[in-house]
Structure formats: structure tokens, C-alpha cells
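For reference, the chains in residue letters:
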Amino acid sequence: VSSNGLTQYPNTDAGSFSASKSFSISGTNLGASNVTVTAPANFQVSSDNTNFYSSILITPVAGVISARLIYVRYAPDGSAPTSADSIQITHPSVTTWKIGVSGNIGTFYYRTGAGAIESPANWRPFSNGTGTAPTRFSVPDVYYKIIATSVTTTGAMTIDTSGKLVVGDPVLSS
């Protein structure tokens, strides 16, 4: 098992997915038993970087798994602001391998209707336009998404350097 660091996925909105990260798995003398790769809560694994699941099976061919990439993405359900645990890789004849993963739910405010974007009063914490507006834009690690079809601006909007302004509602790569 070889990984290039799967810890600290970027802030991700609850109910959406981060971009994936990957690690490599290979093995010999595995017999006919499958290798199971299991993700902890709020993470998903994939063998093709398209279809993600809570666990996947890797089947050896003649007892061998040639170098194979396994993809992991952060998929927070909103039950906790942060998630830190381990991907488990198991096989009946091998000690369980663990790869640490962690991620944070981002704090998002949405601009869904018409009006000036530079006014905090025009932003809401839910994409349906409900909830309490922020009092200022200078709070660290907050993302502001414009998902309205038309907005206006007549002044400046200064966001903390750790925050972001996102225009549109892009689909994150999976």
C-alpha cells in the first residue's frame, strides 16, 4: 500500500463531494480471497474514480493484485464539522492496513436572489435562501457561493484571505 497523503481534504459543503485523492495497492500470494477496502463515515472509495461506495472489493488474479489505484473522496453528511479516521484495507492473510483521512465541512453562504452581493444581509447559509445572514465577510474559512442567475454589485466585498468567492454551483470532480 502506498499513499501520497490523504489527510486534510479541502473544506467541503455537507451533502456534496470533494475532489478525490488516491493511493496504490498491490500484492502477491493472496490466493483467491478478495481484498476489502472500507471507508469510514463521511468518506467514499472507488476503483475507477467514477463510482464511489462505502467499501469495495479487489479481486486478485492468480493470487496477484498488480499496482491498482484506489480513489477516496470526502463526502460529509453534515453530522459533524470534522471527520478524521482511517481507510481500512483487509485480507484474510494480511495484517489490516490503515490510511488516515480527514476533512472539514466548509462554512458556506449562498447568494440566491437579486440584489447587491456586497451586503452581508443578502447572503444565507442554505442554498434555498433561508437562514440567518452573516454579520460580516471577514470570518476565516467561509465560502460564498453565488448561485443566482443575476446579481449586482455597486461596491467592494472584502473576504478573509482563507475564504473564497465561488461563482456558480460547480460540480466538484469526483
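Keep in mind that this is a model prediction, so the values were computed, not measured.

Draft legend 1. Region of interest: the sheet that holds strand E10 (residues 107-111). Strands sit in the order E10-E11-E12 across an open sheet of three strands; the sheet is parallel. In this open sheet, the two strands that pair with only one neighbour each are E10 and strand E12 (164-167). Pairwise comparison of adjacent strand axes, ignoring direction, gives a mean angle of 20 degrees for this sheet. Note: E10 against strand E11 (residues 142-146), five bridges, orientation parallel. Along E11, the bridge assignment pairs Tyr109 with Tyr144.

Draft legend 2. Molecular detail of the nonpolar core. Counting 21 residues, the largest nonpolar core has Phe23, Val37, Val45, Ile70, Val72, Ile87 and Ile89 as its most contacted members. Here this core takes four residues from strand E7 (residues 65-74), the largest share from any one element. Apart from residues lying up to four places away in sequence, Ile87 is in contact with Phe23, Val37, Thr38, Ala39, Pro40, Val45, Val72, Trp97, Lys98, Ile99 and Val101. Core analysis: the next-biggest nonpolar cluster, separate from the first, contains eight residues, Ile117, Trp123, Tyr144 and Ile146 among them.

Draft legend 3. Structural view of the sheet that holds strand E8 (residues 82-91). Taken in spatial order, the five strands of this open sheet run E2-E9-E8-E4-E6, and their pairing is mixed. Two strands in the sheet have a free side with no partner beyond their single neighbour: strand E2 (9-12) and strand E6 (55-58). When the angles between neighbouring strand axes are averaged without regard to direction, this sheet yields 20 degrees. Alignment of E2 against strand E9 (residues 94-105), held across two bridges, turns out to be parallel. What sits directly across from Thr12, in E9, is Ile105.

Draft legend 4. Expanded view of the environment of Val167. When you line up the elements, Val167 lands in strand E12. Among the residues examined, Val167 registers a relative accessible area of 67% and is labelled exposed. C-alpha of Val167 to C-alpha of Arg111: the two residues are 56 residues apart in sequence and 9.6 Å apart in space.

So, how was this worked out
Here the residue numbers are simple positions, counted from 1 along each chain's written sequence. Two thresholds apply to this predicted model, a pLDDT of at least 70 for residue-level local features and 80 or more for giving and counting side-chain atom pairs, whereas whole-chain, interface and lining totals are computed over all residues. The side-chain numbers reported here are obtained from all heavy atoms of the structure, hydrogens and water having been left aside. Two strands form a pair only when DSSP identifies at least two bridges running between them. Where helices and strands are cited, they refer to DSSP runs of H or I of at least four residues and of E of at least two residues respectively, numbered from the N terminus. Where helices are involved, their axes are fitted lines through C-alpha atoms of the stretch in contact, as for all axes, and angles between N-to-C directions lie from 0 to 180°. Buried residues of nine kinds, namely Ala, Val, Leu, Ile, Met, Phe, Trp, Tyr and Cys, make up a nonpolar core once their side-chain atoms join them within 4.5 Å. For the exposure calls, accessible area comes from a 1.4 Å probe over protein chains only, and a residue counts as buried if that area is under 20% of its type's maximum, exposed if over 50%, partly exposed in between. Note on contacts: a residue pair is in contact if any heavy atoms of the two residues lie within 4.5 Å.

So yeah, pure geometry; function would need other evidence.
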